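# Examination of the molecular architecture
This is what each chain is made of:
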Amino acid sequence: MAQPLVKKDDDRDDEEYSPFLGIEKGAVLQEARVFNDPQLDARRCSQVITKLLYLLNQGETFTKVEATEVFFSVTKLFQSRDIGLRRMVYLIIKELSPSADEVIIVTSSLMKDMNSKTDMYRANAIRVLCRITDGTLLTQIERYLKQAIVDKNPVVASAALVSGIHLLQTNPEIVKRWSNEVQEAVQSRAALVQFHALALLHQIRQNDRLAVSKLVTSLTRGTVRSPLAQCLLIRYTSQVIRESGNAQAGDRPFYDYLEACLRHKAEMVILEAARAITELHGVTPRELTPAITVLQLFLSSSKPVLRFAAVAMTHPVPVTNCNIDMESLISDQNRSIATLAITTLLKTGNESSVDRLMKQITNFMSDIADEFKIVVVEAIRSLCLKFPLKFRALMNFLSNILREEGGFEYKKAIVDSIVILIRDIPDAKESGLLHLCEFIEDCEFTYLSTQILHFLGIEGPKTSDPSKYIRYIYNRVHLENATVRASAVSTLAKFGAMVDSLKPRVFILLRRCLFDSDDEVRDRATLYLNTLGGDGSVVETDNDVKDFLFGSLDVPLVNLETSLKNYEASEEPFDINSVPKEVKSQPLAEKKAQSKKPTGLGAPPTGPASTVAAYETLLSSIPEFSNFGKLFKSSAPVELTEPETEYAVNVVKHIFDSHVVFQYNCTNTIPEQLLEDVIVVVDASEAEEFSEVASRSLRSLPYDTPGQTFLAFEKPEGVPAVGKFTNLLRFIVKEVDPTTGEAEEDGVEDEYQLEDLEVVAADYILKVPVFNFKNAWDSMGADFERVDEYGLGPRENLTEAVNAVINLLGMQPCEGTEVVASNSRSHTCVLSGVYIGNVKVLVRLLFGIDSSSKEVAMKLTVRSEDGAVSDAIHEIVASG
Amino acid sequence: MILAVLFANSEGNILVERFNGVPAEERLHWRSFLVKLGADNLRGVKNEELLVACHKSVYIVYTVLGDVSIYVVGKDEYDELALSEVIFVITSAVKDVCGKPPTERLFLDKYGRICLCLDEIVWKGLLENTEKDRIKRLIRLKPPTEF
């Protein structure tokens, strides 16, 4: 490269000139030819490698041909004796990550280095080989790697151990054979070797609880030489504590070790131990105290990382003692800490602190990036659902930030939150809808505008004064792009169809849309005018028409999309009845990837209501079940198999008025098998009131693709019948060739025993929250009130008793009363729900515990709209 | 897993970018997110003062050293505490190679050495070496002194 003329004493220019100025891939690849020189210039070669590294580190990529060419030239450099160059060669080979057929060129050189007398050649050769090796080569070098793990030189040992951690992902069988050597390395005097060995040994043995427990027991008593290893050990210890499930206060295993770590000299270890203690299951205040003390110290540390870690750790437990320290962090210089402090306070704070917090947040929002604002918005959304009475302040906050500048994701998060609040808090509906209307008046995101218009179409007509939304909607027809205009036309039509008094005026507006410049907008307007009866008369729209225009499509959208793509334009029109209605089972990975967060507008919400809707669609698409009437409740999936067994089966109980449908979700976890004609055979001899009426088998269950089979039972109408069912999975199994993925022709019939399933009283009660329990209780009145007292026997503490009753009744705890203050001797819990037959039920539970005998007594007061239902609730408790 | 180690100059241009286990299509997003994070927060920050952030269950610890800003991104066991250890090793190794908190020019002059140091410190997402003196010897293929 041409060097510009620079005077040596001219420091400024010197500073500004980059050695890589004007670097260009083609030129560097040309320069790489020096690697082929018979007389190697080590210095020059190193410089060229540096340039290659610079290109790679900037995100530049080499084509296959370029990479191969460079790789082959680089291998020539093994001839050089220059140590600096050799080190560079190791690095660039790793960076180029050659393909399997090229690796062979360097294998012999690297194998030679691996047996070299120079330790550092050994260490580096191990790392390079492990990076580029495949299974077959690994078996050849395994012997050397095992030796290297116990090598005297810590660098060699570490290189082999870290390689082991990587190789465990690809060749677990081989690495597992090294456990004796790794075990020896755990005892190494070199701090880092011990750290790496501990990590590897734990990974090798992670599925063997006993071995992990032994490892932890021996190391917590022995010497751990580095803070990093100590942190690992603390993590493994908490895992052992969790799995041992011994929640007996006072003699919790390893607590003393964790507590001793709080006095370690490394901050990292102290924080890790504090985290482990705060996350202990059923931690007592006495156990928590020392951890809280150190966390409080760290909250005011001068180092941001420590402050951040301390705030993050107060997340899992309501550590209210720290709240005061944390409020000062809202003004922390480091905005990430401030964000975390705010969201923590929002989660742990009580209702009275909401207003004060909101004020502080308002000042702070303008300082942070969109990503962090989204976190705050999500925290506010859950806060609002927790304290619904505070919705005014929170909704105002959301609408204010909605008006400010922000990117799409941020705006979407706000809109989603408002939508969820409108859905869940009836009082928030009207103000929320108006905020959304105002937002679409000046919204730059087409996606959000169309989604809001759609939502307005559903919710708007149900409000007290639907006409006030029309102006906002019709404005869209004038001011927006075609997509939004088309949505607005649909929304207008919905108002027209649902609100008869508005119909004539809506039709006038729709007629104006007939002159729109866009086809879709005109088409929609024409369709609506014709089907809704555009003569302007005030008549009720036919239900069939409403269904046709605004009802759900009745077929899964994915199926519709596929069918439309496969449809070839011809004389024959597309027939929607040809679209298959069966929901194609999703691959497992996709299901796992689905977000658990509540979604607002976009996808169908994943909240309980929508799950029911999804189940409803699924069940109604099966002809055998289509006449069962309205689905009352679907339970959460109940696992019928242990985790990590060959077949994973869980069941969802769908309750109808006079039927119960079991939906068995089956997953085949064996790649070499294909299951066919899968059905669950049920013995209902312990469920006398149930008789089997229909079943639907699963035709094929390939590996890792869940599928469903169904069984339906009849039961007496409206009666909460209970019973126990034994289940047996029956199927035909066919071998699958793993290389081709093809199954054999013939299969063998086989069976697999599943766990029993019970239908219990709680299955007949829907969890339906009320937002002001006292109001609901008072307005329900005492007409059908039933009161009785029960002894619940000795219990560990009140929390256990409260949870047991909540689970037994399957009702929704209200106003956070399911949480019992620690050490309290009495507690009131209020529940609400809907009993089968759509009868509202409210329950007030009063608990008391005797401090010496631990006997728990409970007073149960039930109010409902029907005396028989109040009695039934008492019966459930009495027989539970 | 240490997902990324990134060095940028004061204008936000990338000097070194090493990802582990991050899909290629997400890298650009991370690059711009980190650079923006630095632009928003690093002004006026003292050398080696650590800043921290967390985004989508991923932790980020970052700092300034001379003209260069350094970002380390991790998840799972590499939380903010472990990352602060990682970045401490990186900053001390870079200072050691450059002899002082580097100017951009000095950093680029020592580019090859710095790459070797990074290779010794982070290996495919795992922390391997933590002492600057040992690293200094290792990049010259010399065995550690305590051995």
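Residues numbered from 1 in each chain as written. Chains lettered and ligands numbered in written order. Predicted model: local features only at pLDDT ≥ 70, side-chain atom pairs only at ≥ 80, totals over all residues.

Secondary structure assignment for chain B yields five helices and seven strands. Start at the N end of chain B and walk to the C end: the helices and strands fall as β-β-α-β-β-β-α-α-α-β-β-α. In chain B, which comprises 147 residues, the share counted as buried stands at 52%. (Helix = DSSP H or I, 4+ residues; strand = E, 2+ residues; numbered from the N terminus. Buried ≥ 20, exposed ≤ 12 C-beta atoms within 10 Å, placed from the backbone.)

Secondary structure summary: chain A contains 37 helices and 17 strands in total. Sorting the 880 residues of chain A into buried and exposed places 37% on the buried side.

Right, let's talk about the environment of L219 of chain A for a bit. Residue and element names in this part refer to chain A. Inspection of the secondary structure assignment puts L219 in helix 13 (residues 209-221). Residue L219 is classed as buried on the basis of its C-beta count, with 22 C-beta atoms lying within 10 Å. Considered as a pair, L219 and Q230 are 11 residues apart in the sequence and their alpha carbons are 9.4 Å apart. Here L219 is in contact with V224 and L233, once residues within four sequence places are set aside. (Contact = placed C-beta atoms within 7 Å.)

A separate point is the interface of chain A and chain B. Contacts between the two partners involve 45 residues from chain A, matched on the other side by 42 residues from chain B. For the side of chain A that touches chain B, the secondary structure elements donating two or more residues are helix 1 (11-16), helix 3 (42-57), helix 5 (83-96), helix 7 (119-132), helix 9 (154-170), helix 16 (267-278), helix 18 (304-313) and helix 20 (335-348) of chain A. The residue inventory of the side of chain A that touches chain B, partitioned by class, reads 23 nonpolar, 12 polar and 10 charged. (Nonpolar A, V, L, I, M, F, W, Y, C, P; charged D, E, K, R; others polar.)

Attention shifts here to the pairing of strand 2 (residues 14-19) of chain B. All names here are of chain B. Inspection of the sheet shows strand 1 (residues 2-8) paired to strand 2 by five bridges, in the antiparallel sense. Counted as the bridge partner of A8 is I14 from strand 2. Remark: five residues form the turn of the hairpin made by strand 1 and strand 2, two consecutive strands paired antiparallel; G12 in that turn has positive phi of roughly 90 degrees. (Pairing = 2+ DSSP bridges.)

Before going further, it helps to examine unusual backbone geometry. With a phi angle near 45 degrees, D677 of chain A is a residue other than glycine that sits in the positive phi range. Relative to the elements of secondary structure, D677 of chain A occurs in strand 5 (residues 673-686).

What follows covers the confidence of the model for chain B. All names here are of chain B. Across chain B, the average pLDDT comes to 90, with 99% of residues at 70 or higher. Here strand 3 (residues 51-55) is the element of chain B with the lowest mean pLDDT, 85, and strand 5 (residues 68-74) is the one with the highest, 95. Under the prediction, the complex receives an ipTM of 0.90, its pTM being 0.62. (pLDDT = per-residue confidence, 0-100.)

Here we take up the packing of helix 29 (residues 503-512) of chain A against helix 30 (residues 519-531) of chain A. Residue and element names in this part refer to chain A. Remark: helix 29 packs on helix 30, axes separated minimally by 9 Å, with the N-to-C direction vectors making an angle of 145 degrees. Seen along the crossing, helix 29 lies across helix 30 with a hand that is left-handed. Touching F507, L510 and R511 of helix 29 are A525, Y528 and L529, all from helix 30. Residues of the contact of helix 29 with helix 30, tallied by class, amount to five nonpolar, no polar and one charged. (Axes fitted to C-alpha atoms, helices over the stretch in contact; angles between N-to-C directions. Left-handed = near helix turned anticlockwise from the far one by under 90°.)

Once that is clear, we can look at the nonpolar core. Counting residues in each nonpolar core, the largest one holds 216 residues, and the members touching the most others are L510 of chain A together with I60 of chain B. Three or more residues apiece are contributed to this core by two domains, here domain 1 (208-317) and domain 2 (445-551) of chain A. Within the second largest apolar cluster, 73 residues are counted, among which are V770, L798, L809 and V862 of chain A. (Core = buried A, V, L, I, M, F, W, Y, C linked by C-beta atoms within 7 Å. Domains from an automatic or database assignment.)

The subject of this paragraph is the environment of L842 of chain A. Residue and element names in this part refer to chain A. Positionally, L842 belongs in strand 16 (residues 839-849). Here the alpha-carbon distance between L842 and M780, two residues 62 residues apart in the chain, equals 8.5 Å. Among all residues touching L842, those that are not within four sequence positions of it are A776, W777, M780, S832 and R863.

All right, on to the pairing of strand 5 of chain B then. Residues and elements named next belong to chain B. Within strand 5, seven of the seven residues are buried, leaving the element largely enclosed by the surrounding structure. The alternating pattern of strand 5 places V68, I70, V72 and G74 and S69, Y71 and V73 on opposite faces, both of which are buried. Note that strand 1 and strand 5 share six bridges and pair antiparallel. The residue of strand 5 that forms the bridge with I2 is G74. Sheet analysis places strand 4 (residues 58-65) next to strand 5, joined by seven bridges and oriented antiparallel. What sits directly across from V61, in strand 5, is V72.

Residues and elements named next belong to chain B. Pairing is antiparallel across the open sheet formed by five strands, whose spatial order is 2-1-5-4-3. Single-partner strands in this sheet number two, and they are strand 2 and strand 3. Direction aside, the axes of adjacent strands within the sheet are offset by 15 degrees on average. In this structure, strand 3 lies alongside strand 4, joined through five bridges in antiparallel fashion. Bridge pairing in strand 4 links L51 to Y62. Contacting strand 1, strand 3, strand 4 and strand 5, helix 2 (residues 80-98) runs over the sheet at an angle of about 25 degrees to strand 4.

This brings us to the packing of helix 22 (residues 370-386) of chain A against helix 24 (residues 408-424) of chain A. Residues and elements named next belong to chain A. Here helix 22 crosses helix 24 at 5 degrees, and the two axes come no closer than 9 Å. Of the possible angle classes, the one that applies to helix 22 and helix 24 is roughly parallel. Of the residues in helix 24, those in contact with D370, K373, I374, V377, E378, I380, R381, C384 and L385 of helix 22 are E409, Y410, A413, I414, S417, I420, L421 and D424. Along the lines of polarity and charge, the residues of the contact of helix 22 with helix 24 split into 10 nonpolar, one polar and six charged. (Parallel < 35°, antiparallel > 145°, perpendicular 65-115°, else oblique.)

We now examine helix 4 (residues 64-76) of chain A. All names here are of chain A. Here helix 4 contains 13 residues, and its C-alpha end-to-end distance of 19 Å stays within 8% of the 18 Å for a straight helix at 1.5 Å per residue. The complete set of buried residues in helix 4 reads V70, F71 and V74. Projected down its long axis, helix 4 shows its buried positions confined to an angular sector of 105 degrees, all on one face. (Expected span 1.5 Å × (residues − 1). Arc of directions from axis to C-beta.)

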